[in-house]
Amino acid sequence: MKFPAQLLIGAALTAVFAAAALLSLVWTPHSVLDLAISNKLAAPSATHLLGTDHLGRDLTSMLMAGARTSIAVALVAVSIGLCIGVPLGLTAAASRGSLLDEVIMRANDLTFAFPSLVIAILITATFGPSALNAILAIGIFNIPVFARVARGAALGVWQREFILAARVAGKSRARISAEHILPNIASLLIVQATIQFSLGILAEAGLSYVGLGAQPPTPSWGRMLADAQTFFYGTPRLAMAPAFCITAMVLGLNLMGDGLRDMLDPRLRRAVQ
């Protein structure tokens, strides 16, 4: 099978940051908790490859640990959306036209009526700013997204002949959804998950930037951007480094999503081959 070029490029970019995040669990060039005010805003050198920030912390180590925070928050938030939204969407599709279907979809509409940032601010203002509350806020917004995608894709599969055969065989709607519907829409959900993952990275960075995400001393790309804005004209690399990481990570995930779509969608597969 020939893999699309954008899939390979996106997977490579994503793998670099994922590897850095995993490596930061056991090793970083310097501890992100060590402050050296006397060495603040140091230029790049052999000791500090990207220099130090306004508190004397090694910028490379901060970026590695920040990748861990951003990826962990986005990954758990997307998992919440998948684990709750997909079953809701499958249930709504299986009971199309019923009261249950209407309740699920109108609840989704109600969630979509509020921008994700407003929901995030409401949650973090109520329970306090933290990475856990950022996960909850982003995850809540992912639920209706996956519910809509799952329902829309499942409705098309419910019209297929093999589903009719399964119903004639006496299988329940729940069993048909689990054994036949879900496998047939899995590729679409995977592509959507990569898209939501990239949006989760952006959302986490945005929440941390305004002080509603991960709190110090936990490193975060968004927090690094917020801290660097005061020193932008004198030391622009403090802002450029996390901005580049956010851009590259989101670009990699979007390219990977496009590549997966081209590879998994039967209508586009012929063009890739």
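Residues numbered from 1 in each chain as written. Predicted model: local features only at pLDDT ≥ 70, side-chain atom pairs only at ≥ 80, totals over all residues. Heavy atoms only, no water.

On to the packing of helix H1 (residues 5–24) against helix H2 (residues 59–94). When two helices pack together, their arrangement is given by the angle between the helix axes and the distance between those axes. Interaxial distance between H1 and H2 falls to 7 Å at its minimum, and their mutual angle equals 105°. In terms of orientation, H1 and H2 fall into the roughly perpendicular class. Touching Phe17, Ala18, Ala20, Ala21, Leu23 and Ser24 of H1 are Met64, Ala65, Ala67, Arg68 and Ile71, all from H2. When its residues are assigned to classes, the contact of H1 with H2 shows nine nonpolar, one polar and one charged. (Axes fitted to C-alpha atoms, helices over the stretch in contact; angles between N-to-C directions. Helix = DSSP H or I, 4+ residues; strand = E, 2+ residues; numbered from the N terminus. Parallel < 35°, antiparallel > 145°, perpendicular 65-115°, else oblique. Contact = heavy atoms within 4.5 Å. Nonpolar A, V, L, I, M, F, W, Y, C, P; charged D, E, K, R; others polar.)

Let's shift gears to unusual backbone geometry. Cis geometry marks the peptide bond from Pro216 to Pro217; its omega dihedral reads 10°. Tracing the chain through its elements places Pro217 in the loop between helix H7 (173–209) and helix H8 (221–228). In the Ramachandran plot, Leu41 falls in the positive-phi region, its phi being about 55° despite a non-glycine side chain. Positionally, Leu41 belongs in the loop between H1 and H2.

By the secondary structure assignment, Ala74 is in helix H2. Among the residues examined, Ala74 registers a relative accessible area of 0% and is labelled buried. Those residues in contact with Ala74 that sit more than four places away from it in its chain are Phe197, Gly200 and Ile201. (Buried < 20%, exposed > 50% of the residue type's maximum accessible area, 1.4 Å probe, protein only.)

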